[in-house]
Amino acid sequence: MVILAALHGTVDYLDDNMSAYRVGVKGSWTERELATSTKRINHYHHMEEMFDEINEYTHFMYNDALTKAKNRYQFLRLLDQGKFKEIKQGTTEKFT
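Residues numbered from 1 in each chain as written. Predicted model: local features only at pLDDT ≥ 70, side-chain atom pairs only at ≥ 80, totals over all residues. Heavy atoms only, no water.

*Asks:* Outline the overall build of the chain, listing residues and values.
*Replies:* Helix and strand counts for the chain come out as 5 helices and 0 strands. Helices and strands appear in the chain in the N-to-C order α-α-α-α-α. Over its C-alpha trace the chain gives a radius of gyration of 16 Å, far above what one expects of a compact globule, namely 12 Å for 96 residues. Along the first, second and third principal axes, the C-alpha set of the chain runs to 45 × 40 × 20 Å. Within the span of the chain, comprising 96 residues, buried residues form 19% of the whole. Taking the contacts inside the chain whose residues are at least 6 apart along the sequence as the reference set, 44% of them involve residues at least 24 apart. About 7,900 Å² of surface is accessible on the chain, with carbon and sulfur atoms providing 56% of the total. (Helix = DSSP H or I, 4+ residues; strand = E, 2+ residues; numbered from the N terminus. Rg over C-alpha atoms; globule rule 2.2 N^0.38 Å. Buried < 20%, exposed > 50% of the residue type's maximum accessible area, 1.4 Å probe, protein only. Contact = heavy atoms within 4.5 Å. Areas by Shrake-Rupley, 256 points an atom, 1.4 Å probe, with all protein chains shown as cover.)

*Asks:* Give me the lowdown on a nonpolar patch on the surface, citing residues and values where you can.
*Replies:* On the surface, a cluster of nonpolar side chains totalling about 580 Å² of accessible area is made up of Ile3, Leu4, Leu7, Tyr57, Met61 and Tyr62. It is helix H1 (residues 2-7) that contributes the most residues to the nonpolar patch, 3 residues altogether. Mapped onto the secondary structure, Met61 falls in the loop between helix H3 (37-57) and helix H4 (63-80). (Patch = residues over 30% accessible without salt bridge, like charges linked within 9 Å, V, L, I, M, F, W, Y side chains within 5 Å. Salt bridge = Lys/Arg side-chain N within 4 Å of Asp/Glu carboxyl O.)

Below is the structure:
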């Protein structure tokens, strides 16, 4: 939603702390959604799909940035799956 709103309007930046990160708190989004390898892999896959959809929606206007972000999630997914051989076969630039 935030990305879609940013594509259709102005985005402002506030250089102030506006919230606090809750580390290790039961019931937090991170604990619920990223607690297991399967959930993390699912999340990474959904993020990759979202970047593809945004790329298509914007007619590839932000292709470089979205491809870089997608590659990072691909790296995290492969790492979580223990697919080290696939990571080594990829180029360093692809995952940075």
